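Examining the three-dimensional arrangement
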Amino acid sequence: MTTARIWRQTPFSNGRAAHLVALIRRSHIWAAIVFSFLFIFTSLHTAAAHEQIGSKSASIITVDGKTIDFYLNIPPEIFSVLEAEYEGNDPYLKEYLSEGVVLSTWDSTCAPVDVGEPVLQESGNRIVHIVYKCPREVEDLDIKNSLFFDIDEKHVHLVKIADPRDPSKFVHDGTLTMSGNSFKIADVKSPGNATARRAERFFALGAEHILGGYDHILFILSVIFVTVSFGEAVKVVTSFTVAHSLTLALAFFGLISLSSSIVEPLIALSIAYVAFENIFRKKYGRRWLLTFAFGLLHGLGFVGPLKEITISKGELLTSLFSFNLGIEAGQVLIVGIIAPALYYLAKNQTRPLFVRWASACIGVIGVYWFIERTVL
C-alpha cells in the first residue's frame, strides 16, 4: 500500500488535514509577525536604555535690566557623568554648561559672562550660577536648552522665571524636553496665565511619559487584547488611570512609599501575568477590576517624574491633574490605534490566534524584564 493511499484512508482524508496544515501555516505567519514586531520593540528599548535615564534638572532665572541670573540645578546622576567626561577640567565643563543654554532678547543673543563653580547641596545636587549680559534691557526672553540631552534622551528640564525682588515668587515656568527644548516669554515681568501654561506642559509631559514607557504600553496592549469593543477598552484603561492617579498622589505626599527596586520588577510581573492570563483563561469578565489593581502598582512607577519635576507644593493640583490627563490621552491614543486592528481580526476570525501569540510574546518579555530588574 502506497503512502499516498494510506494518507487518503486516514480520518483526515475529508479535508481536515488541509485545514490543519493551513491553520499551522497561519499560526507560523502570525508568530513571525508578532515576534518580529516585539523583537524590534524590545531591541530599540534595550539599545537606547543607557541613553534614557529619565533624569530631571531645574533652573531659576531672574531678570534685572540687562542682566540675567541663571541658577542651574544639576542632579547627581547627571553630574557624575559630567565629572567622568571632563575629568575635573573646569574650563571645558563651564563651556559645556554656558553653551548648552542660549538666552535671547530683542532677537539678540545674551552672552554668558560668568560661570560659577558647582556648589554641592545637601540633596547631592549641584547648583551652578551663570550670569548673562544682554544688549538691551530684557523684556521678552527666548530660552533654548540643549543641556544633558546628549547624556539622557529622556531628560526633562523645568525652568522658572522668578521676580528678582522676591525669588520665591515665580512669574513664568516651562518644561523643556529633547523634542520641545525651547520656551518663549513675551513679557518677563508679567505673569500672564501661568496656570494654563503649566497645565499644558504637564499634560504633554504625561502623554510623553506613557508613550515612551514600553512596559506600560505592553501592559495596556495585554489588557485590551481581549476586550470586545472600543468602549470597553476605554473603560479598562480609564480604570488604570484612576488607580495610578490615586497611588501617584499618595506617593507624592509621602503617605505611601515603595522602592523602585521593588516596584519595577512587580510591574514586569504584572505584564507577564495579564499576558499569560489571556492564553489560559476562557472568560475575561470584569477585566477592569484586574486593571485597577495593577494600576495601583503602576502609579508608584509614575511618581518619580512628577515628584522630581514639581518644585512648588502649590503647583501640585494643576501638575498632578494635567499629568494624569496626559497619561489618559496617551492611553486612549493607544486604544484608538489597536482597536480597529482587533476589530478587523475579529471579523476574519483570526483574533484568538493573534491574541494567543501576541500575549505569549509579551508574557516572555515581561518575565525577561522581571529577571533583568531583579538579577541582571
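The model shown is predicted, which means the values in this text are computed figures rather than measured ones.

Before going further, it helps to examine unusual backbone geometry. For Trp 106, which is not glycine, the phi dihedral falls at a positive 55 degrees. Trp 106 gets classed as partly exposed once you look at its relative accessible area, which sits at 32%. With a phi close to 65 degrees, Asp 107 is a non-glycine residue in the positive phi region. With respect to the secondary-structure elements, Asp 107 resides in the loop between β3 (101-105) and β4 (108-109).

Quick look at the pattern of salt bridges now. Oppositely charged side chains can pair when the atoms bearing their charge come close. Per the stated rule, a full pass over the model turns up five salt bridges. Two residues, Arg 373 and Asp 215, come together in a salt bridge whose shortest N-O distance is 3.2 Å. Remark: Asp 215 occurs in helix α6 (residues 214-224) and Arg 373 occurs in helix α11 (residues 351-374); sequence separation between them is 158 residues. A residue is classified by how much of its surface remains accessible, and Asp 215, at 10% relative accessible area, is buried. The shortest N-O distance in the salt bridge between Arg 373 and Glu 264 comes to 3.4 Å.

Looking now at the packing of aromatic side chains. The full count for this structure, using the stated rule, is seven aromatic pairs. Each ring, one from Phe 225 and one from Phe 354, has its centre 5.6 Å from the other, and the planes form 80 degrees; the classification is edge-to-face. Of this pair, Phe 225 sits in the loop between α6 and α7 (230-252) while Phe 354 sits in helix α11; the two residues are 129 residues apart in sequence, bridging distant segments of the chain. By way of ring pairs, the aromatic residues Phe 219, Phe 240, Tyr 273 and Phe 294 are connected into one cluster. Cation over ring: Arg 136 sits above Trp 106, and NZ or CZ is 3.7 Å from the ring centre.

Describing two packed helices takes the angle between their axes plus the distance from one axis to the other. At a minimum axis separation of 9 Å, helix α3 (residues 76-86) and helix α4 (residues 90-100) run at an interaxial angle of 130 degrees. The angle between α3 and α4 places the two elements in the oblique class. Pair α3 / α4 crosses with right-handed handedness. Contact residues: α3 offers Phe 79, Leu 82 and Tyr 86, while α4 offers Tyr 92, Leu 93, Tyr 96 and Leu 97. For the contact of α3 with α4, the per-class residue count stands at seven nonpolar, no polar and no charged.

This part covers the pairing of β3. A regular strand places its side chains on the two faces of the sheet in alternate fashion. For β3, the tally of buried residues reaches four of five residues, placing the bulk of the element in the interior. Two strands pair when backbone bridges link them, and β3 and strand β8 (residues 141-145) are joined in this way by four bridges, in the antiparallel orientation. Among the inter-strand pairings, Val 102 is bridged to a residue of β8, identified as Lys 144.

As a further point, take the nonpolar core. Leu 221, Ile 224 and Phe 225 are the most contacted members of the largest nonpolar core, which totals 47 residues. Where this core is concerned, the elements lending two or more residues are α5 (194-211), α6, α7, α8 (260-280), α9 (287-309), α10 (316-347) and α11. Among the elements that take part in this core, α10 stands out by supplying nine residues, more than any other. Residues in contact with Leu 221, not counting those within four places in the same chain, are Ile 334, Ile 338 and Ile 362. Ile 61, Cys 110, Leu 141 and Ile 151 belong to the second-largest nonpolar core, a separate cluster that totals 33 residues.

Let us look at the pairing of strand β7 (residues 126-133). Bridge count between strand β2 (residues 67-74) and β7: eight bridges; the pairing is antiparallel. Bridge pairing in β7 places Ile 74 opposite Arg 126. In this structure, strand β6 (residues 119-120) lies alongside β7, joined through two bridges in antiparallel fashion. Paired with Leu 120 across the bridge in β7 is Arg 126.

On to α3. All buried positions along α3 are accounted for by Ile 78, Phe 79 and Leu 82. Along the axis of α3, the buried residues cluster in a sector spanning 95 degrees; they form a single face. On its buried side, α3 packs onto β2, α4 and β7. Taken from the residues just after α3, Glu 87 is the one with a positive phi, measuring 50 degrees.

So, on to the state of the cysteines. On inspection of all chains with the given rule, the structure shows one disulfide. One disulfide bridge connects Cys 110 with Cys 134, the sulfur atoms lying 2.1 Å from each other. The chirality of the disulfide connecting Cys 110 with Cys 134 is right-handed, given an S-S dihedral of about 105 degrees. Of this pair, Cys 110 sits in the loop between β4 and β5 (111-115) while Cys 134 sits in the loop between β7 and β8; the two residues are 24 residues apart in sequence, bridging distant segments of the chain.

Here the focus is a nonpolar patch on the surface. Together, Leu 258, Ile 262, Leu 266 and Leu 269 give the surface a local cluster of nonpolar side chains, amounting to about 300 Å² of exposed area. Within the secondary structure, Leu 269 is located in helix α8. In this structure Leu 269 comes out as partly exposed when scored by relative accessible area, which is 36%.

Cut-offs and rules
- Residues numbered from 1 in each chain as written.
- Predicted model: local features only at pLDDT ≥ 70, side-chain atom pairs only at ≥ 80, totals over all residues.
- Heavy atoms only, no water.
- Buried < 20%, exposed > 50% of the residue type's maximum accessible area, 1.4 Å probe, protein only.
- Helix = DSSP H or I, 4+ residues; strand = E, 2+ residues; numbered from the N terminus.
- Salt bridge = Lys/Arg side-chain N within 4 Å of Asp/Glu carboxyl O.
- Phe/Tyr/Trp six-rings, centres within 6.5 Å; stacked < 30°, edge-to-face > 60°.
- Lys NZ or Arg CZ within 6 Å of the ring centre and 35° of its normal.
- Axes fitted to C-alpha atoms, helices over the stretch in contact; angles between N-to-C directions.
- Parallel < 35°, antiparallel > 145°, perpendicular 65-115°, else oblique.
- Left-handed = near helix turned anticlockwise from the far one by under 90°.
- Contact = heavy atoms within 4.5 Å.
- Nonpolar A, V, L, I, M, F, W, Y, C, P; charged D, E, K, R; others polar.
- Pairing = 2+ DSSP bridges.
- Core = buried A, V, L, I, M, F, W, Y, C linked by side-chain atoms within 4.5 Å.
- Arc of directions from axis to C-beta.
- Disulfide = S-S within 2.5 Å.
- Patch = residues over 30% accessible without salt bridge, like charges linked within 9 Å, V, L, I, M, F, W, Y side chains within 5 Å.
- Areas by Shrake-Rupley, 256 points an atom, 1.4 Å probe, with all protein chains shown as cover.

These values are about where atoms sit, not about what they do.
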